[in-house]
Structure formats: C-alpha cells, structure tokens
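Structure at a glance
These are the residues of each chain, in order.
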Amino acid sequence: MNNTQKVSVELKNGKFRLSNSAKIEDLNPKALIICAAAECAGYTIMHILRKDNVVPKSLEITVEGTLDTPTLAPESQYVGFNVRYNIDCKSLCGRQPLRWPPVLIFLECPLYKI
C-alpha cells in the first residue's frame with residue numbers, strides 16, 4: 001500500500017497561497033516538493049491564459065504525490081503525481097465564453113527511475 005501527500009494552492013492577489021489557511025512551515029519536506037510543483041503548474045497555466053487575454057476569477061491547483069513506502073519516511077520517493085486544475089474564468093474580452101468547464105483538466109504523471 002502506497003502513501004500519498006496532497007497539497008492545494010489558490011491564486012490570491014497574483015500569488016499562489018496554500019488553501020484552507022494552511023501554513024508553509026507546517027509542511028513536511030515531501031509535501032514541500034509537491035507544493036513547489038503546484039506553484040510551478042500555477043504560474044505555467046497563468047502564462048498560457050495571459051497569452052489569450054484570459055483572467056481567471058479563481059484558480060486552484062491540487063497536486064497529489066504517491067510515495068513508494070506505506071508510511072512517510074526520509075527514504076520515501078515519489079513514484080507518481082496527479083495534478084488537478086480548478087479554473088473559473090470570465091468570457092474572453094467580449095467574445096464567446098470559454099468552452100472548457102471550470103474543472104476539467106486532469107494530468108497523471110508517472111515517474112520513472114533511470
């Protein structure tokens with residue numbers, strides 16, 4: 001049985017913050033890694049949306065990482081990540097509303113050891 005770590009970040013005032021008033025100093029080192037991944041994913045999607053002149057009303061990104069050990073341990077390694085985007089956007093500058101619903105993008109990224 002594998003262990004998972006999960007972190008959600010929300011866009012607030014142009015920066016990504018942990019959801020539910022969580023504090024960064026309360027995260028363990030493994031959770032910090034997926035927190036960084038969530039923020040990077042957030043800035044990437046913001047860049048893509050900005051190219052199309054889209055300003056989201058809200059944006060939340062959740063990253064869940066699966067570890068290779070049944071309990072959290074220093075030797076635990078991630079074997080996969082799930083990244084979920086929850087985006088709510090207005091229409092595109094007077095054009096047609098966005099065609100993608102607020103929650104649709106789901107990525108699964110398995111990791112491979114070399």
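Residues numbered from 1 in each chain as written. Predicted model: local features only at pLDDT ≥ 70, side-chain atom pairs only at ≥ 80, totals over all residues. Heavy atoms only, no water.

Here's the deal with the packing of aromatic side chains
This model, assessed by the stated rule, comprises 2 aromatic pairs. On the numbers, 5.0 Å between centres and 90° between planes, the contact of Phe16 with Tyr43 is edge-to-face. Highlighted residues: Phe16 in strand β2 (residues 15-18) and Tyr43 in helix α1 (residues 29-51), separated in sequence by 27 residues. For Phe16, a relative accessible area of 4% puts it in the buried group. What makes Tyr43 partly exposed here is its relative accessible area of 41%. Ring geometry for Tyr78 versus Phe81: centroids 5.0 Å apart, planes at 35°, classification tilted. For Phe81, a relative accessible area of 17% puts it in the buried group. (Phe/Tyr/Trp six-rings, centres within 6.5 Å; stacked < 30°, edge-to-face > 60°. Helix = DSSP H or I, 4+ residues; strand = E, 2+ residues; numbered from the N terminus. Buried < 20%, exposed > 50% of the residue type's maximum accessible area, 1.4 Å probe, protein only.)

Points about the pattern of salt bridges
Oppositely charged side chains may form a pair once their charged atoms are brought near each other. Per the counting criterion, the structure on display carries 2 salt bridges. For the salt bridge of Asp88 with Lys57, the shortest nitrogen-to-oxygen distance reads 3.9 Å. Placement of Asp88 in strand β4 (residues 78-89) and of Lys57 in strand β3 (residues 56-67) is noted, with a sequence separation of 31 residues between them. Residue classification places Asp88 among the partly exposed residues on the basis of a relative accessible area of 28%. (Salt bridge = Lys/Arg side-chain N within 4 Å of Asp/Glu carboxyl O.)

Remarks on the nonpolar core
One finds Val7, Val9, Ile45, Leu59, Ile61, Val63 and Tyr85 to be the most contacted residues of the largest nonpolar core, which totals 23 residues. Within the residue set of this core, elements represented by two or more residues are β1 (3-12), β2, α1, β3 and β4. Looking at this core element by element, the count peaks at 8 residues for α1. If we ignore the near neighbours within four places in the chain, the residues touching Ile61 are Val7, Ser8, Val9, Phe16, Ala38, Ala41, Gly42, Ile45, Val83, Arg84 and Tyr85. (Core = buried A, V, L, I, M, F, W, Y, C linked by side-chain atoms within 4.5 Å. Contact = heavy atoms within 4.5 Å.)

Everything listed is a geometric property; what it means functionally is a separate question.
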